[in-house]
Amino acid sequence: MNASTRLWMDRAPADRVLLMAITTIAVLALIVAFIWLPLERARARLARELPQLYASAATLERQAAEAKRLRSMPAIAAGAAEPLASLVTAGGGNPLPGAQISVLDGKTIAVTGADIAFGPLLEWIATVQVSQGLRVLSARIEALPAPGRVRAELRLARP
């Protein structure tokens, strides 16, 4: 017999039971501390993050639908014959109520409005994109307390 086996056999049976119980409790404590607790923490973290991940997936789906919608839009006019000044005088045939439109240079216009309906603003932008070949360079849109109303500052330009 080797020394460790002899040492074990020399112990009284009650001591052996006590040492086995202490060893079992120590092994269980180590399993809990190094295996179960980290797994439980990871499960709780994932449970907290799950709503954010669902929201992120929903946002990605909305963005994919928006990209699909934008791809299906008609092509922007390559060279619009109508001068940008017509947008200021007549709104390009489709005026935007509550907005002030000014021509900055031959290719760029500025649109500002303190209280504009959001739906018509989007429709007007889509219309001038197709009819005038304008693209949005910058946009600052803030929601107003009234539903569907916004404060907008836009710069649009021809490519």
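Residues numbered from 1 in each chain as written. Predicted model: local features only at pLDDT ≥ 70, side-chain atom pairs only at ≥ 80, totals over all residues. Heavy atoms only, no water.

### Looking at the overall build of the chain
So the rule is basically this: Helix numbers and strand numbers start at the N terminus; a helix is a DSSP run of H or I with at least 4 residues, a strand a run of E with at least 2. Here's how the labels work: a residue is buried when its accessible area is under 20% of the maximum for its type, exposed when over 50%, partly exposed in between, all with a 1.4 Å probe on protein chains only. Note on contacts: a residue pair is in contact if any heavy atoms of the two residues lie within 4.5 Å. Using the Shrake-Rupley algorithm and a 1.4 Å probe, accessible areas are obtained, with residue cover drawn only from the displayed protein chains.
For the chain, the count of helices and strands is four helices and four strands. Taken from the N to the C terminus, the helices and strands of the chain come in the order α-α-α-β-β-α-β-β. With 159 residues in all, the chain has 19% of them scored as buried. A sequence separation of at least 24 residues applies to 53% of the contacts in the chain between residues at least 6 apart. Roughly 11,300 Å² of accessible area belongs to the chain as shown, and the carbon and sulfur atoms make up 65% of that amount.

### A look at the environment of isoleucine 125
By secondary structure assignment, the location of isoleucine 125 is in helix H4 (residues 118-132). Judged by relative accessible area, which is 10%, isoleucine 125 ranks as buried. With eleven residues separating them along the chain, isoleucine 125 and valine 136 place their C-alpha atoms 8.2 Å apart. If sequence neighbours within four positions are ignored, isoleucine 125 has contacts with Val136 and Leu154.

### Observations regarding the confidence of the model for the chain
Which entries qualify depends on this criterion: pLDDT: the predictor's confidence for each residue, scored from 0 to 100.
On average, the chain scores 87 in pLDDT, and the residues at 70 or more come to 89%. At the level of individual helices and strands, the chain shows its lowest average pLDDT in helix H3 (residues 85-90), which scores 66, and its highest in strand E4 (residues 149-157), which scores 94.

### Topic: H4
The condition that has to hold: Multiplying 1.5 Å by the helix residue count minus one yields the expected span of that helix. Picture the helix axis, draw a direction to every C-beta atom, and the arc is the one those directions span.
Taking 1.5 Å as the rise per residue, H4 with 15 residues should run 21 Å; its terminal C-alpha atoms sit 20 Å apart, in good agreement. Turning to H4, its buried residues are Leu121, Trp124, Ile125, Val128, Gln129 and Gln132. Seen end-on, H4 carries its buried residues on one side only, within an arc spanning 135 degrees. Following H4 by one or two positions, glycine 133 adopts a phi angle in the positive range, close to 75 degrees.

### Description of the pairing of strand E3 (residues 135-143)
We count it as follows: The criterion for strand pairing is that DSSP finds at least two bridges linking the strands in question.
Strand direction decides the pairing type here: E3 and E4, joined by eight bridges, are antiparallel. Its bridge partner lying in E4, valine 136 is registered against leucine 156. Between the antiparallel neighbours E3 and E4 lie five residues, among them glycine 148 with a positive phi of about 80 degrees.

### Brief notes about the nonpolar core
Quick reminder of the rule: As used in this record, nonpolar core signifies buried Ala, Val, Leu, Ile, Met, Phe, Trp, Tyr and Cys residues forming a set joined through side-chain atoms within 4.5 Å.
The biggest cluster of nonpolar side chains holds 16 residues, and the ones touching the most others in it are Ile109, Val111, Leu121, Trp124 and Leu156. Of all the secondary structure elements, the ones that give two or more residues to this core are strand E2 (108-117), H4 and E4.

### What to know about the pattern of salt bridges
Inclusion rule: Salt bridge criterion: a side-chain nitrogen from Lys or Arg within 4 Å of a carboxyl oxygen from Asp or Glu.
Within the structure shown, the criterion is met by six salt bridges. With a shortest N-O distance of 2.6 Å, arginine 43 and glutamate 40 are connected by a salt bridge. Residue arginine 43 and its partner glutamate 40 are located together in helix H2 (residues 13-72), separated by three residues, close to a single helical turn. Across the salt bridge formed by arginine 140 and glutamate 142, the nearest N and O atoms sit 2.7 Å from each other. Three or more residues joined by partner-sharing salt bridges are found here, namely Arg140, Glu142 and Arg151.

### Considerations on a nonpolar patch on the surface
As a reminder, the rule being used: To count toward a patch, a residue needs a relative accessible area over 30% and no salt bridge; like charges are then connected within 9 Å, while nonpolar side chains (Val, Leu, Ile, Met, Phe, Trp, Tyr) are connected within 5 Å.
On the surface, Val27, Leu28, Leu30, Ile31, Phe34, Ile35 and Leu39 cluster together to form a nonpolar patch covering roughly 710 Å² of accessible area. Along the chain, phenylalanine 34 turns up in helix H2.

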